[in-house]
Amino acid sequence: MEFGLDTFGDVNGKPYAQVIRDVVEQGVLADEVGLDFFGVGEHHRDDYAISSPEIVLAAIAARTERIKVGTAVTVLSSDDPVRVYERFATLDAVARGRAEIILGRGSFTESFPLFGFDLGDYERLFAEKLDLMSELLSEGPVSWEGSIRPALRDQHVYPKTESGSIRTWIGVGGSPESVVRAAQYGLPLVLAIIGGAPARFEPYVELYHRALKELEQESQPVAVHCPGFVAETDQEAIDILWPHARRNLDRIGRERGWPPATRDRFEADVAEGAWHVGSPETVARKIAATIKALGIDRFDMKYAHGPLPHEHLMTCIRLYGEQVVPRVRELLA
């Protein structure tokens, strides 16, 4: 069982440059407290500071020894798979084999107009680029042809990795078709659980394992990405997090037509939904329940929310690594 952290580099009133430097410090601390994975999201909008996660991850990799570093997620639909492979193979060299990729469509669409893609091609772009990416991951000569970029003929892509592969996951938000697609390519699965009780995602985990078996693919791990925050007490965690989470939820809600967030609804989500928030003991018990309900192999907590100050994020990371994770292992044992 592995435990990780994810961040999008949420802007919190500091300059973008300082937010990025703070994320590097957070990644270094995650390694120091013994966590297994540190993921950085890719966004191209003003409320998140990180649009080139591989560069941030390389800075973290150069200052750490053990922790795996990866994206959460790489928006493959609006990127070029060849360049994605090249950047991650380079990161993997800096990280001495600790790089991972989580491929996805992303939860926002701002990268499509930014890079000149038509949202009408949403499905085709991801399907074809994932198909090419799966070929590139073999690190051999690639011959591929599709409709969204020039064909490749016995093309090698460099640099090659030392191990001969980069662990690559597919991140999904709860679409059965996306779950089955991950199984078709024999790639590990990350479920983004950002709303509702985690246990309700069990059918997707079961579908994934059944699809792997029916497609005669090797067994693969499943991870989940859930929002959370840890403080010394339950009340302190909610009091610190709520105003920042509200700003974040309301900003996204205005774009998507959601009603304004309320504290009662938020606390209900903390009690019964996707949020893993509270004291180390409370968070540990909820994580353990999520792991048992879904039978997963890695739990990644998305710990940064809206303009939460850096010092609170550092405290959260320390408590998560030093108290929550050991307690979860005890509960699972």
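Quick note: structure is the one above.
Residues numbered from 1 in each chain as written. Predicted model: local features only at pLDDT ≥ 70, side-chain atom pairs only at ≥ 80, totals over all residues. Heavy atoms only, no water.

Participant: Describe the packing of aromatic side chains, and please don't skip the residues or the numbers.
Facilitator: Following the criterion strictly, the structure yields 7 aromatic pairs and no others. Aromatic pair Phe8 and Tyr48: ring centres 5.6 Å apart, planes at 90°, arrangement edge-to-face. On the criterion of sequence distance, the pair formed by Phe8 in the loop between strand S1 (2–7) and helix H1 (16–32) and Tyr48 in the loop between strand S2 (37–40) and helix H2 (53–62) is long-range, its members being 40 residues apart. Accessibility classification places Phe8 together with Tyr48 in one group, the buried group. When the centroid spacing of 5.3 Å and the interplanar angle of 35° are considered together, the rings of Trp242 and Phe266 count as tilted. Pair noted here: Trp242 is in helix H8 (residues 234–256) and Phe266 is in helix H9 (residues 263–272), with a separation of 24 residues, a long-range link. Here Trp242 falls in the buried class, since its relative accessible area comes to 8%. Its guanidinium or amino end placed over the ring of Phe37, Arg298 lies 3.9 Å from that ring's centre, counting from NZ or CZ. (Phe/Tyr/Trp six-rings, centres within 6.5 Å; stacked < 30°, edge-to-face > 60°. Helix = DSSP H or I, 4+ residues; strand = E, 2+ residues; numbered from the N terminus. Buried < 20%, exposed > 50% of the residue type's maximum accessible area, 1.4 Å probe, protein only. Lys NZ or Arg CZ within 6 Å of the ring centre and 35° of its normal.)

Participant: Describe in detail the packing of H1 against H2, supporting the description with residues and values.
Facilitator: One can describe the packing of H1 onto H2 by two numbers: an axis separation of 9 Å at closest approach and a directional angle of 45°. Compared by their axis directions, H1 and H2 come out oblique. Considering the relative orientation of H1 and H2, their crossing is right-handed. Judged by residue contacts, Ile20, Val23, Val24, Gly27 and Val28 of H1 engage Val56, Ala59 and Ile60 from H2. Class assignment for the residues of the contact of H1 with H2 results in 7 nonpolar, 1 polar and no charged. (Axes fitted to C-alpha atoms, helices over the stretch in contact; angles between N-to-C directions. Parallel < 35°, antiparallel > 145°, perpendicular 65-115°, else oblique. Left-handed = near helix turned anticlockwise from the far one by under 90°. Contact = heavy atoms within 4.5 Å. Nonpolar A, V, L, I, M, F, W, Y, C, P; charged D, E, K, R; others polar.)

Participant: Account for the side chain of Arg45, with residues named and values stated.
Facilitator: In this structure, Arg45 sits in the loop between S2 and H2. A distance of 2.7 Å separates polar atoms of two side chains, one belonging to Arg45 and the other to Asp47. One polar contact links Arg45 to Glu255, side chain to side chain, over a distance of 2.7 Å. Among all residues touching Arg45, those that are not within four sequence positions of it are Phe108, Glu110, Arg251 and Glu255. (Polar contact = N/O pair within 3.5 Å; in protein donor to acceptor, adjacent residues only side chain to side chain.)

Participant: Account for the nonpolar core, with residues named and values stated.
Facilitator: With 92 residues, the main nonpolar core has Ile287 and Tyr320 as its most contacted residues. The leading source of residues in this core is helix H11 (residues 310–332), at 8 residues. In contact with Tyr320, other than residues within four places in its own chain, are Phe3, Gly4, Leu5, Leu35, Val230, Ile287, Phe299, Met301 and Val325. By size, the runner-up hydrophobic cluster in this structure holds 6 residues, among which are Phe37, Val73, Val190 and Ala223. (Core = buried A, V, L, I, M, F, W, Y, C linked by side-chain atoms within 4.5 Å.)

Participant: Please provide a residue-by-residue account of helix H10 (residues 280–294), values included.
Facilitator: For H10, with 15 residues, the first-to-last C-alpha span of 21 Å sits near the 21 Å given by 1.5 Å per residue. Along H10, the residues classified as buried are Pro280, Val283, Ala284, Lys286, Ile287, Ala288, Thr290, Ile291 and Leu294. Immediately downstream of H10, the backbone of Gly295 shows phi near 65°, a positive value. (Expected span 1.5 Å × (residues − 1).)

Participant: Please set out the pairing of strand S3 (residues 68–71) residue by residue, giving values where relevant.
Facilitator: Judged from the 4 bridges that link them, S2 and S3 form a sheet pairing that is parallel. Note on S3: the bridge partner recorded for Phe37 is Lys68. Following the backbone out of S2, through H2 and into the adjacent parallel S3, one traces a crossover that is right-handed. By the bridge criterion, 2 bridges tie S3 to strand S5 (residues 99–104) in an arrangement that is parallel. Looking at S5, one finds that Val69 is bridged to Ala99. (Pairing = 2+ DSSP bridges. Right-handed = clockwise from strand over helix to strand, strands pointing away.)

Participant: Talk me through the environment of Ala17; I want residue IDs and the actual numbers.
Facilitator: With respect to the secondary-structure elements, Ala17 resides in helix H1. With a relative accessible area of 39%, Ala17 lands in the partly exposed category.

Participant: Could you give an account of the pattern of salt bridges, naming the residues involved and the relevant values?
Facilitator: For the structure on display, the rule yields 30 salt bridges. When the shortest N-O distance is used, the salt bridge between Asp79 and Arg87 registers 2.5 Å. Here Arg149 and Asp80 are joined by a salt bridge, their closest N and O atoms 2.7 Å apart. Here Asp80 lies in the loop between strand S4 (74–75) and helix H3 (81–94) and Arg149 lies in the loop between strand S6 (142–144) and strand S7 (152–155), a separation of 69 residues in the sequence. Each of Glu2, Lys68, Glu100, Arg298 and Asp300 takes part in one network of salt bridges that share partners. (Salt bridge = Lys/Arg side-chain N within 4 Å of Asp/Glu carboxyl O.)

Don't take any of this as a statement about function, it's just geometry.
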